[in-house]
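# Observations on the model geometry
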Amino acid sequence: HLFLNETSRKMLVTNVNLLVQRGKGILAADENPSSLVKRFQSIQVENTAEQRRIYRQLLFTTPDIQQYLSGILMHEETFNQSTDSSIPFPMVLVQNGILAGIKLDRGLESLTINTNETTTLGFDDLERRCEDSFNRGARFAKWRCVFHINEAYNQPTDIAIENNAIILARYASICLVPVIQSEVISDGDHDIYACQCALEKVLSSIFKALSDYDVYLEGCVLKTNMVTCGRRVKKKDKCTDIALATITALTRTCPAALGGIIFLSGGQSEEDATNNLNELNRPVYQEKCPWVLTFSYGRALQTSALKAWSGKRENEVNAQESFLKRAQVNALASKGEYDK
Ligand code: 13P
């Protein structure tokens with residue numbers, strides 16, 4: 001990226017600014033077909049490529065959704081699918097003023113023998129896939145690495161942090177408008193402080209690697225978890241504590257030049273994800289943060305829509321209304337203007 005010419009740099013920054021805006025966010029609809037097994041089971045829908053296509057079509061063609069969404073992230077399968085009237089999904093989004101995004105990593109693989117830590121696959125034909133998806137309308141692409149906190153608090157290990165930081169940097173140096181997803185997994189019963197420490201270590205290492213690999217930071221977007229306690233902890237964190245710990249970790253580690261920061265919902269309820277984003281965008285934090293902070297939610301935008309749909313064509317309008325509502329309240333939260 002250090003050697004990108006002026007035109008490429010301008011193109012990157014233009015797309016980053018379109019993608020990460022106050023008042024808009026991103027739908028993460030890039031779930032692997034296998035991640036949808038449980039979700040489709042819960043509404044008694046068979047998890048076939050055709051049902052997934054019908055479900056994604058419903059989301060992507062929701063009237064007025066472009067008011068609240070700047071981009072939609074798709075799995076490769078979805079990127080290659082089309083509407084009932086044979087318009088490819090990336091084109092549907094482009095025509096509607098929404099940036100099309102694609103997940104380019106190929107999933108997780110075990111990193112070491114003795115831990116549950118992972119690395120991420122997908123380099124083999126990455127350059128070709130970047131070019132191909134760009135030519136077919138994609139303007140941003142995601143790569144996901146995950147980090148696990150364990151009971152003894154000696155994970156994520158240095159090995160896992162280093163390996164994944166280098167992988168994200170290498171990916172970012174190949175891809176144009178890279179979304180670097182660094183996710184400290186919320187499984188477990190760790191406290192919020194452990195999550196903050198892990199995120200700080202992970203992000204410091206990632207930005208060191210991005211510098212080593214000469215990545216053009218202004219053209220990159222970070223996708224991260226919020227800092228919370230583990231999901232097995234009974235007493236939930238207050239949104240004020242989540243916001244303070246998250247902002248502390250981000251301001252300690254992320255360079256001001258970074259293009260923007262977007263959050264995953266990581267199993268938070270729809271309402272919690274909206275409240276937490278709203279808290280993160282209070283004026284007191286905006287003064288401290290040089291980046292736009294917005295959402296790139298999967299479950300927190302889709303849970304009620306999926307239920308409303310339940311695999312039936314006659315429920316599509318209701319499902320679209322539920323989806324539009326979540327997008328709208330999160331768009332408000334990205335400006336700190338959500339009022340329950
Ligand atoms: P959730 O918001 O459901 O965590 O999904 C976001 C995502 O991109 C996970 O990889």
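Residue indices begin from 1 for each chain and proceed along its sequence in written order. Note on the predicted model: pLDDT of at least 70 is required for a residue's local features to be given, and 80 or more for side-chain atom pairs to be given and counted; whole-chain, interface and lining totals, by contrast, use all residues.

As annotated in an unreviewed UniProt entry, the protein carries the name fructose-bisphosphate aldolase and comes from Adineta ricciae. UniProt positions are given in the numbering used here, feature names are shortened, and annotations may be inferred rather than shown by experiment. UniProt, in its Sequence similarities (unreviewed entry) section for the protein, records the words "Belongs to the class I fructose-bisphosphate aldolase family." Recorded under Pathway (unreviewed entry), the UniProt text for the protein is reproduced unchanged: "Carbohydrate degradation; glycolysis; D-glyceraldehyde 3-phosphate and glycerone phosphate from D-glucose: step 4/4."

### Section: unusual backbone geometry
Peptide bonds are mostly trans, and most non-glycine residues show a negative phi. Residue Pro-156 follows Gln-155 across a cis peptide bond; omega there is 5°. A run of H or I in DSSP becomes a helix once it reaches four residues, and a run of E becomes a strand once it reaches two; helices and strands are each numbered from the N terminus. As for its position among the elements, Pro-156 is in the loop between strand S6 (138-147) and helix H7 (158-174). Non-glycine residue Ser-310 carries a positive phi angle of around 50°. Among the structural elements, Ser-310 can be located in the loop between helix H12 (299-309) and helix H13 (316-333).

### A word on helix H1 (residues 6-19)
With 14 residues, H1 should reach 20 Å at 1.5 Å per residue; the first-to-last C-alpha distance of 20 Å fits that figure. Where H1 is buried, its residues meet strand S2 (69-74), strand S3 (99-103), S6, strand S8 (221-224) and strand S9 (260-263). By this rule, a helix spans an expected 1.5 Å times one less than how many residues it contains. We call two residues in contact whenever the C-beta atoms placed from their backbones are within 7 Å.

### Overview of the pairing of S2
Counting buried residues in S2 gives six out of six residues, a clear majority hidden from the surface. Bridge count between strand S1 (residues 25-29) and S2: five bridges; the pairing is parallel. Within S2, the position partnered with Ala-29 by the bridge is Met-74. Pairing analysis gives four bridges linking S2 to S3, with the strands arranged parallel. Each residue of the ladder has a partner; that of Ile-72, found in S3, is Ala-100. Our exposure labels follow a C-beta count within 10 Å of each residue's own C-beta, placed from the backbone: buried means 20 or more other C-beta atoms, exposed means 12 or fewer, and partly exposed covers the counts in between. When DSSP finds at least two bridges between two strands, those strands are taken to pair.

### Notes on the nonpolar core
Looking at soluble globular proteins, one finds that nonpolar side chains tend to be buried together. Of all hydrophobic cores here, the largest spans 98 residues; its most connected members are Leu-27, Ile-72, Leu-168, Ala-172 and Ile-206. In this structure Ile-72 touches Ile-26, Leu-27, Ala-29, Phe-60, Leu-93, Ile-98, Ala-100 and Gly-101, once residues within four positions along its chain are discounted. Joining buried Ala, Val, Leu, Ile, Met, Phe, Trp, Tyr and Cys residues through C-beta atoms within 7 Å gives a set, and that set is a nonpolar core.

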